[in-house]
Amino acid sequence: MQGATRAGERRGAHSSCAIPALSSMGLAMSLAMSLAGLPAPAAAQGLAPLISRAAPQDFAGLALVLGLIAFATTTALVHLRERRRWARQEALLAGENEELRARADRVAMLVATEPQLLVSWHGRDAEPQIEGDVGILGEGASGRRVLAFGSWLPAAGAQALERALERLKERGERFQMNLRATSGAYYEAEGRAIGGRAVLRLREVTGDRLDLLRHRDALAEAQAERRALAGVLDGLPEPAWRRDAEGRLIWVNRAYAKAVEAADPAEAVSRGLELLDAPTRKAMERQRAAGATYRDRVTAVVAGARRVLDVTETPSVDGTAGIAIDVSELEAVRSDLERQMAAHVRTLDQLPTAVAIFDAGQRLTFCNAAYRELWQLDATFLEAGPTDSEVLDELRARRRLPEQADFRAWKADVLAAHRSVEPQEHWWYLPDGRTLRVLANPNPKGGVTYLFDDVSERFNLESRFNALLSAQGETLNSLREGVAVFGSNGHLKLCNPAFGHLWQLSEDVLADLPHIDDVIRLCGLLAPRQEAWDVIRGAVAGVHDTRTGFAARMDRRDGTVIDCVTAPLPDGSTLLTFTDVTASVEVERALKERNQALEQASRLREDFVHHVSYELRSPLTNIIGFVQLLDAETVGPLNDKQREYASHITKSSAALLAIINDILDLATVDNGAIALACEEIDIRETIDAALTGLQDRLAERDIGVAIDVPADIGRFVADAKRVRQVLFNLLSNAIGFSDPGQTVTVTARREGEEVVFTVSDTGRGIAPEVRARVFDRFESHTLGSGHRGVGLGLSIVRSFVELHGGTVALDSAPGRGTTVTCRFPRVPSRAAAE
């Protein structure tokens, strides 16, 4: 029962659902038919009560169903309408297609009426479409070859066509041109923009038009050749011209206008300016009338200067054409060549080498004076131009050729030079003892030039030179100094045994002629001082603007001292000498040490003298003062013996004070601290002042004084005190070495810019061995007289005279007295005064 009930419920539910569905379908159909303009069926009207009874949720399903039905119906109706329209359009397009096909057939028929080729591009970079007869470009032509313009057109035509196509593709510019292919065929190329396409049409030109194009090209070539020829003629530096049948100028080039001094060629033609003179033009007219070419060398005035011209004028159909070539320089060169040849002949005549020239026929064409003097042949024989064989036979007949066992073979060997292309050298030993070097040099145009050089003297000099080299080698080998010569490449060229012995280098090493770097490396083991070796390396292998020698001293490890001297040689080599100076260096070192010891002793002596002098002067001054007080008897009277003792003390003290003063003066001079108080002094008064202090000695020794001074001798600039001291010392010495009754002479003279004082005595004189030391300090020689001194007088004299810038000279001989001459400058130099 329950099952039946559930089944009834399911059926009721299905029936309840079906009612809305059916109603929805009916509604949809009615709507579709209404949209289609059809009357709604009765079933739809019967569904209206059902719709009214439907629930709200049924209306949503109904709306969906109705929408789908409406869409399907609308789509079907639109499809039916468009299908009818498409059918009509298809029929229309089929008609147009038939019309276009017919038009294409007509176009193909028109294109095929003549041989032509069409190439079209839809865009700049689009692939080209080629139509037409490709065979017009020749057998084997293809589509690719059509667009490879350079394969069937010359370069200029191919470039012009490519540029025209570029303009057509970019800007649509139309063009038309005629092209000549490399095969000789002519083509017409036309380019147009048609329907957005760039179209190129190529067709071969034939018939009358082909003949026209050929004639036009021939004319263009002829005109180009004429223009080129006219340009060449106009650019020539030689004057050129054309004349008409009447002989009038119709064209000249710029060189002609410049030669006749016209502004341009047109002016020269219009004015009829002639370059050549009247006789030359008349001769040209005669040749023109005879139809012959005129050629001659004439002179003419070209641009104001007279020149030599080679004139050529050739007749043509309508006149003549001529050209004038300037050969002035050629004439000058020919004249200069003739002068040079004459000078060459004169030069060859001056050469000491014998020269003989034979032509291609082996005949003598020239010989110089040395040749004639060498062989002593007759001038008539030589001027006749004998052959080389005849000359050899003549010399053999005169016994002036070398003696040969087979003369014919020897002569054939000599004459072979005429057939040779290389110079040949022979040595002839003549019967008279001379040696000739014979050089046979083939001439470019045939023949031979013989050079006979007498080398006898050279052989003698070479032998003497070899002997000299041998002697020099022996001398070099005997030297104790090491000698080495390095070439400009830095390698050893020669050396003596002393060099290897000095640096302990083996003969094997020196025989390999080592480089200077290797020699320095080996020698550096003994003398490690690198600075000297660097200088030696630079002198041998360095590059210098000026090559100079230098000297260096090197100390070896074993104590040996080597003096190295380099000297550049004229051939670019460098001479090195190494001398062992160890002994001389040791002697020099000993002498330096001794000299230092002597200088030190001299300084000690001077210091001692200065110290003692100053230490003695103060007490000596006190002694002199006290003696003078005693002598004046201020402290009491003295007896005769005391006065005598006081007098002796005074004299001894004065002498000792003078010696001390002299020592101090010399010390001051040595120290350079003395300064001259220069002033103008009277010469005669100075002499008298010097004699004043010597009157007692003169009277005591009965010595006379003779003064020889001109009255107008005047004055000169000097230190009066020092000059009086000089004269005092000279007079004191002269008095001391004079015998009683003799006379001392004092003279003064002016000699140029000098004042000369002379003090002479007639005493015993001075021996030669003593005379050289009289001006030395502490040199005192009595020479058998009673004169005593410490030997400072003449030393002070020389010092003071030299301070004034003067000189002292002494002239003396045993038995005839002594003369001392002092020369003072009239004005002391500034350095002497300071």
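Cut-offs used in this document
- Residues numbered from 1 in each chain as written.
- Predicted model: local features only at pLDDT ≥ 70, side-chain atom pairs only at ≥ 80, totals over all residues.
- Heavy atoms only, no water.
- Helix = DSSP H or I, 4+ residues; strand = E, 2+ residues; numbered from the N terminus.
- Buried < 20%, exposed > 50% of the residue type's maximum accessible area, 1.4 Å probe, protein only.
- Contact = heavy atoms within 4.5 Å.
- Areas by Shrake-Rupley, 256 points an atom, 1.4 Å probe, with all protein chains shown as cover.
- Pairing = 2+ DSSP bridges.
- Axes fitted to C-alpha atoms, helices over the stretch in contact; angles between N-to-C directions.
- Parallel < 35°, antiparallel > 145°, perpendicular 65-115°, else oblique.
- Left-handed = near helix turned anticlockwise from the far one by under 90°.
- Nonpolar A, V, L, I, M, F, W, Y, C, P; charged D, E, K, R; others polar.
- Core = buried A, V, L, I, M, F, W, Y, C linked by side-chain atoms within 4.5 Å.
- pLDDT = per-residue confidence, 0-100.
- Polar contact = N/O pair within 3.5 Å; in protein donor to acceptor, adjacent residues only side chain to side chain.
- Arc of directions from axis to C-beta.
- Patch = residues over 30% accessible without salt bridge, like charges linked within 9 Å, V, L, I, M, F, W, Y side chains within 5 Å.
- Salt bridge = Lys/Arg side-chain N within 4 Å of Asp/Glu carboxyl O.
- 1 Å grid on protein atoms, 1.4 Å probe; cavity = no way out; pocket = protein on both sides within 12 Å on 5 of 7 lines; lining within 4 Å.
- Points joined across faces, edges and corners; volume = space filled by probe spheres on them.
- Disulfide = S-S within 2.5 Å.
- Expected span 1.5 Å × (residues − 1).
- Phe/Tyr/Trp six-rings, centres within 6.5 Å; stacked < 30°, edge-to-face > 60°.
- Lys NZ or Arg CZ within 6 Å of the ring centre and 35° of its normal.

Remarks on the overall build of the protein chain
- Within the protein chain, the secondary structure is distributed over 27 helices and 27 strands.
- In the protein chain, which comprises 834 residues, the proportion classed as buried is 33%.
- Of the contacts formed within the protein chain by residues at least 6 apart in sequence, a portion of 50% connects residues at least 24 apart.
- Carbon and sulfur atoms make up 54% of the accessible area of the protein chain, which amounts to about 50400 Å² in all.

Quick look at the sheet that holds strand β8 (residues 294-302)
- One open sheet accounts for five strands, arranged β7-β6-β10-β9-β8; its pairing is antiparallel. Strands with a single pairing partner mark the edges of an open sheet, and in this sheet they are β7 (249-252) and β8. Direction aside, the axes of adjacent strands within the sheet are offset by 25° on average.
- Contacts from helix α9 (residues 278-289) reach β6 (240-244), β8, β9 (305-315) and β10 (319-326), with the element oriented near 155° to β8.
- Lying on the sheet, helix α10 (residues 328-350) is in contact with β8, β9 and β10; it crosses β9 at an angle near 120°.

With respect to the packing of helix α22 (residues 683-692) against helix α24 (residues 720-736)
- Direction vectors running N to C along α22 and α24 enclose 55°, while the axes themselves pass 9 Å from each other. Put simply, α22 runs oblique to α24. Where α22 crosses over α24, the handedness of that crossing is right-handed. Only Val723, Arg724, Leu727, Phe728 and Leu731 of α24 make contact with α22, whose side of the interface consists of Thr686, Ile687, Ala689, Ala690 and Leu691.
- Residue composition of the contact of α22 with α24, by class: eight nonpolar, one polar and one charged.

Focus on the sheet that holds strand β2 (residues 129-132)
- One open sheet holds the five strands; their spatial order is β2-β1-β5-β4-β3, and the pairing between them is antiparallel. Looking at strand neighbours, the two that pair on one side only are β2 and β3 (175-180), the edges of this open sheet. Along the sheet, successive strands turn relative to each other by an average axial angle of 20°, direction set aside.
- For strand β4 (residues 186-194) and strand β5 (residues 197-204), the ladder comprises eight bridges, and the chain directions are antiparallel. Its bridge partner being in β5, isoleucine 194 is matched across the sheet by arginine 197.
- Against the sheet, helix α5 (residues 155-171) makes contact with β1 (116-121), β3, β4 and β5, and its axis sits at roughly 160° relative to β3, the strand it touches most.

Describing unusual backbone geometry
- The phi dihedral of glutamate 261 is positive, around 60°, even though this residue is not glycine.
- Within the fold, glutamate 261 resides in the loop between α7 (254-259) and α8 (265-271).
- Note on glutamate 261: relative accessible area 57%, which makes it exposed.
- Here the phi dihedral of glutamine 376 falls at roughly 55°; this positive angle occurs in a residue that is not glycine.
- Take glutamine 376: it is sitting in the loop between α11 (369-375) and α12 (379-383).
- Glutamine 376 sits in the partly exposed class, given a relative accessible area of 46%.

Brief notes about the nonpolar core
- Grouped together as the largest cluster of nonpolar side chains are 40 residues, with contacts concentrated most on Ile683, Ile687, Phe716, Leu730, Leu731, Phe757 and Cys822.
- Those elements giving two or more residues to this core turn out to be α22, β23 (715-719), α24, β24 (743-751), β25 (754-761), α26 (793-803) and β27 (818-825).
- Tallying contributions element by element places α24 first for this core, with eight residues.
- With sequence-adjacent residues up to four places away left out, isoleucine 687 is seen in contact with Ile707, Val709, Leu727, Val746, Ala748 and Phe757.
- Ala354, Val391, Leu395 and Val438 belong to the second largest nonpolar core, which has 28 residues in total.

Regarding the confidence of the model for the protein chain
- Of the residues in the protein chain, 82% have a pLDDT of 70 or more, and the chain-wide mean is 78.
- Low pLDDT, under 50, characterises residues 31-44; the predicted model gives this stretch twelve contacts beyond four residues in sequence or across chains.
- In this model, residues 784-790 is a region of pLDDT below 50 whose contacts with residues beyond four sequence positions or in other chains number 16 contacts.

Digging into the side chain of serine 812
- When you line up the elements, serine 812 lands in strand β26 (residues 807-812).
- Within the structure, serine 812 has its side chain in polar contact with the backbone nitrogen of isoleucine 766 (distance 2.7 Å).
- A polar contact of 2.9 Å, which involves the side chain of serine 812, links it to the side chain of threonine 818.

Quick look at helix α18 (residues 516-523)
- Of the positions making up α18, those classed as buried are Ile516, Val519, Ile520 and Cys523. Projected down its long axis, α18 shows its buried positions confined to an angular sector of 100°, all on one face.
- On its buried side, α18 packs onto β16 (482-486), α16 (497-503) and α19 (530-541).

Points about a nonpolar patch on the surface
- Among the surface-exposed residues, Phe465, Leu468 and Leu469 lie close enough to one another that they form a single nonpolar patch of about 280 Å² accessible area.
- For phenylalanine 465, a relative accessible area of 45% corresponds to the partly exposed category.

Topic: empty space enclosed by the protein
- Per the counting criterion, the structure on display carries four cavities of 30 Å³ or more.
- Reported here for the second largest cavity is a volume of approximately 70 Å³.
- When contributions to the lining of the second largest cavity are tallied by element, the ones reaching two or more residues are β11 (354-358), α11, α13 (388-397) and β15 (448-454).
- Its residues assigned to classes, the lining of the second largest cavity comprises eleven nonpolar, no polar and one charged.

Observations concerning the pairing of β25
- Burial within β25 is extensive, with seven of its eight residues counted as buried.
- Pairing of β25 with β27 involves eight bridges; the strand directions are antiparallel. By the bridge assignment for β27, phenylalanine 757 is matched with cysteine 822.

A look at the state of the cysteines
- For the structure shown, the criterion picks out zero disulfides.
- In this structure cysteine 564 is a free cysteine whose sulfur lies 10.0 Å from that of cysteine 523, the closest cysteine sulfur available.
- The exposure class of cysteine 564 is buried, given its relative accessible area of 0%.

Remarks on α5
- Helix length check: α5, at 17 residues, gives a terminal C-alpha distance of 24 Å against a target of 24 Å (1.5 Å per residue), a fit within 8%.
- Where α5 is concerned, the buried positions are Gly157, Ala158, Leu161, Ala164, Leu165 and Leu168. Across the axial projection of α5, the buried residues extend over an arc of 130°, all falling on one side. Exposed and oriented more than 90 degrees from the buried face of α5 are Ala155, Ala156 and Arg171.
- The elements touched by buried residues of α5 are β1, β3, β4 and β5.

Quick look at the packing of aromatic side chains
- All told, the structure shown has 15 aromatic pairs when counted by the stated rule.
- Measuring from centroid to centroid gives 6.1 Å for phenylalanine 716 and phenylalanine 824, while their planes differ by 50°, and the two rings are tilted. Placement of phenylalanine 716 in strand β23 and of phenylalanine 824 in strand β27 is noted, with a sequence separation of 108 residues between them.
- Among the residues examined, phenylalanine 716 registers a relative accessible area of 2% and is labelled buried.
- Overall, the relative accessible area of 2% leaves phenylalanine 824 in the buried class.
- For lysine 169, the ring lying beneath its charged end belongs to tryptophan 121, and the centroid distance is 4.3 Å.
- Sitting over the face of the ring of tryptophan 503, arginine 556 holds its NZ or CZ atom 5.6 Å from the ring centroid.

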